[in-house]
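Descriptive analysis of the structure
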Amino acid sequence: MMGSRKAFTGPLWVQIGIADSCNHRCIMCWDHPSFGLQSAADAGGQGQTLLKEPAGAADPGNRFMDLDMLNGLADDLQYLGTGRIELAGRGEPTLHPEFDHIVRMLKERRFNVGIVTNASLLNPDQYEHLLKNGVDRLIISLNAGTSDIYPLIHTTAKPETFDRIIFNLRQLHQMKQSCGQEKPTVMLSFVISQANFQQGLEMIERGKDVGAEQIVFKYAVVPPKASSVELAEEQKREFSSQLPSFVERAKSYGIELKIEPPIGDTTGNPDMCDKKTEVIYSRIPCYIGWVFALVTAGGLVYPCCQCSETIGDLRKQRFVQVWNSKKYDGFRRTMKSFPKLKLRTGPLNCQCDVCSFEKINTTIYNIWHFYNPVTLHRGQRDFSLRQLLPAILKGKTTGGAKAHIK
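Notes on the structure in this doc start here. Every value quoted in this text rests on a predicted model; they were computed, and no experiment measured them. (Residues numbered from 1 in each chain as written. Predicted model: local features only at pLDDT ≥ 70, side-chain atom pairs only at ≥ 80, totals over all residues. Heavy atoms only, no water.)

1. What to know about the packing of aromatic side chains
For clarity, the threshold we go by: Aromatic pairing here means that ring centres of Phe, Tyr or Trp (its six-membered ring) are within 6.5 Å. Orientation follows from the plane angle: under 30 degrees is stacked, over 60 is edge-to-face, and everything else is tilted. Every helix listed is a DSSP run of H or I at least four residues long, and every strand listed is a run of E at least two residues long, numbered separately from the N terminus. To sort residues, take the accessible area from a 1.4 Å probe on protein chains only and compare it with the maximum for the residue type: under 20% means buried, over 50% means exposed, and anything in between is partly exposed.
Tallying each qualifying case throughout the model produces 14 aromatic pairs. Note on Phe-217 and Phe-246: the rings are 5.8 Å apart at their centroids and 75° apart in plane angle, and the pair reads as edge-to-face. With Phe-217 in strand β8 (residues 214–219) and Phe-246 in helix α8 (residues 243–252), this residue pair connects regions lying 29 residues apart in the sequence. In this pair, the class of Phe-217 matches that of Phe-246, namely buried. Each member of the aromatic cluster is reached from another via a ring pair, and the members are Phe-190, Phe-217, Tyr-219, Phe-239 and Phe-246.

Now the structure itself:
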C-alpha cells in the first residue's frame, strides 16, 4: 500500500457470490427488491405471485458459480495468500446445488470461511455439516424480532419460516454445546426499517434464544423506489434513545451488540453520514484495492461492494491475472490519490458515500500517518493495529465507527 499501485500480495479478504439467485425478496434489498414482484393480476391472472428479476441484478445465464471456476479461484487465492473468504454477494449461497461440497472444499484449503445467509434453507443436518467442517462464521439476515413482522420484511416468506429458522439455530447451539465447539459463531443482522424499528429488545431476545455471539443493528439504505422503508428523523431519534437499554440487555446475555453509524449519532450533522466522499475521503485515500475483492457467481470481479463496473472476468482470465492487471493497478493508483481528485464518486462508479470500509481505511491511514492521524467522530476510534488484521482476515469486529471527522 505504501507503493503507488502494485499489490505484492493477494487480497486479504474476498467475498464470493456462489449464487446470484435468491429465494427471498426483502424490502431493503438492491439486488432482489420486493418491488420487483409481479402480482397475479399483472401476470395474467395465473393465481400466483411471480418473481420478476430486476434488470441488471444478476446475470440470468450464470445463477450459480461453476465448480471448475470456483476451484481455480480458490487455488489462486491460496497462492496469493488470502486468508478470509465470505460466501456472500448478490444471492443466497445455500441455493447452490453443490453448497455442501463448496464449504468442505474451502475449509480443506484452510480458509477462514464465513457464510452470509437468510438461513431459511438450512436444516439441522446441514448445520451439523457446517460444524463438522469447521465453518468459522454464520451471518444470519434475520431482520425481525417476531414471526409476524418477518414477512413484512422478507416479503416472499411466511411467519413459520421465521419460527423454523429460530428452531434450527437453537439446534445448532445445542450441537455446539454438546461437542464443546465454539464455531461457527453466529451473528444476527438486523437492518432497521419502518417495519421493525420498535422491535429492538425483541431482536436481542432472539439472539439469546439461539445463542448468538453478536448482533448488528444498522439502518436500511434502500433503492430509490423503496424510500418509504427508511426511518424518518423522529423515528431514528426514538430508536437511538433506546440504545442504552439495548446495550444493557445484550450485555446481560453475553452478546456483543454492534451498532453501525449513524445509529445513536446525536452530534454533528446526520446528513454527513451519507456524504463520506466529502467528509472522510476528502482527507484520506482508499486502500480497498490491496485488501478486498468481490467475485460474482458469473465470474465478474469487482474491487469493492459499492462499485458498479467490473475490473475483470474469470471467464476470460484467472484471478491472479485480474489482480495483477494494469486495470487493477490503475484503480489502486486512482484510489490512493482520491483526496486530490475531489470526486463525488470513485472510479468504476463506486458509490463511496455509502462506504462500509471507512473504519479499515482510517486505521490503515493512521498507521502510516501516526504523526498526524485522522480521528473518527465523537470518541469513535478506528481499529488498533492489533485489531486490524483479525478484523480483515477473520471477520472479527469491534464497535461501529462514525462517518464524521472532527
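Now that the structure is up, let's keep going.
2. Looking at the side chain of Ser-21
Quick reminder of the rule: Two residues form a contact once any of their heavy atoms are found within 4.5 Å.
For Ser-21, the location among the structural elements is in the loop between β1 (13–16) and β2 (37–38). Those residues in contact with Ser-21 that lie beyond four places of it in its chain are His-32, Arg-63, Gly-91, Glu-92 and Leu-95.

3. Things to note about the state of the cysteines
Rules: What counts as a disulfide here is a pair of cysteine sulfur atoms lying within 2.5 Å.
Taken as a whole and assessed by the stated rule, the structure comprises one disulfide. Each sulfur of the disulfide joining Cys-307 and Cys-350 lies 1.8 Å from the other. Because the sign of the S-S torsion sets the handedness, a value of about 85° for the bond joining Cys-307 and Cys-350 places this disulfide among the right-handed ones. One end of the pair, Cys-307, is in the loop between β11 (300–302) and β12 (312–313); the other, Cys-350, is in the loop between α13 (338–341) and α14 (358–368), and 43 residues separate them in sequence. For the pair Cys-307 and Cys-350, a shared accessibility class is recorded, and that class is buried.

Read these as geometric descriptors, not functional statements.
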